[in-house]
Amino acid sequence: DMDRKLLDILACPASRQSLALLDAAGIDALNRAIAAGGVRRVDDTTQTEALREALLTRDRKTVYRVDDGIPVLLAEEAIATAQVEGFPA
């Protein structure tokens, strides 16, 4: 799991918004959409692997995946939540 102190200093590389761990409902909605093949990253590649952990911007519009406890904070690999049906507001 991600280090709490690290979480406090992380920010979205594109908007500089603060980030928070995505809650279970958000992870579930995202993983359902990923399983259905409907999730693309900003660089237009398809997100094929389900997420165990992810970070969410304060405005709830952008998700960054966390791989093995390491946040992948690359703007081109971000996932827009608008494409995820039923994403919790």
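Everything below is about the structure shown above.
Keep in mind that this is a model prediction, so the values were computed, not measured. (Residues numbered from 1 in each chain as written. Predicted model: local features only at pLDDT ≥ 70, side-chain atom pairs only at ≥ 80, totals over all residues. Heavy atoms only, no water.)

1. As for unusual backbone geometry
So, step 1. Non-glycine residue Arg16 carries a positive phi angle of around 65°.
So, step 2. Relative to the elements of secondary structure, Arg16 occurs in the loop between helix H1 (4–9) and strand S1 (19–21).
So, step 3. Positive phi outside glycine occurs at Arg60, with the angle close to 65°.
So, step 4. Checked against the element boundaries, Arg60 lands in the loop between strand S2 (53–57) and strand S3 (62–67).
So, step 5. Look at Arg60 and you get partly exposed, because its relative accessible area is 24%. (Helix = DSSP H or I, 4+ residues; strand = E, 2+ residues; numbered from the N terminus. Buried < 20%, exposed > 50% of the residue type's maximum accessible area, 1.4 Å probe, protein only.)

2. Side note on the pattern of salt bridges
So, step 1. Counting across every chain of the model gives four salt bridges.
So, step 2. Residues Glu77 and Arg41 are paired through a salt bridge, measuring 3.6 Å at the closest nitrogen-oxygen approach. Of the two residues, Glu77 is situated in the loop between strand S4 (70–71) and strand S5 (79–80) and Arg41 in the loop between helix H2 (24–35) and S2; the sequence distance between them amounts to 36 residues. Each member of the pair, Glu77 as well as Arg41, carries the same accessibility label: buried.
So, step 3. For Arg65, the salt bridge identified is with Glu77, shortest N-O distance 2.6 Å. One end of the pair, Arg65, is in strand S3; the other, Glu77, is in the loop between S4 and S5, with 12 residues separating them in the sequence.
So, step 4. On the basis of relative accessibility, which here comes to 12%, the residue Arg65 falls in the buried class.
So, step 5. Taking relative accessible area as the criterion, Glu77 reaches 17% and is therefore assigned buried.
So, step 6. Salt bridges sharing partners connect three or more residues here, namely Arg41, Arg65, Asp67 and Glu77. (Salt bridge = Lys/Arg side-chain N within 4 Å of Asp/Glu carboxyl O.)

3. What about the layout of surface pockets?
So, step 1. By volume, the largest pocket is sized at about 210 Å³.
So, step 2. Around the largest pocket, the lining residues are Arg41, Gln47, Glu49, Ala50, Leu51, Arg52, Glu53, Arg65, Val66, Asp67, Asp68 and Gly69.
So, step 3. Examining the composition of the lining of the largest pocket, we find that three residues originate from one element, S3, more than from any other.
So, step 4. Grouping the constituent residues of the lining of the largest pocket by class yields three nonpolar, two polar and seven charged. (1 Å grid on protein atoms, 1.4 Å probe; cavity = no way out; pocket = protein on both sides within 12 Å on 5 of 7 lines; lining within 4 Å. Points joined across faces, edges and corners; volume = space filled by probe spheres on them. Nonpolar A, V, L, I, M, F, W, Y, C, P; charged D, E, K, R; others polar.)

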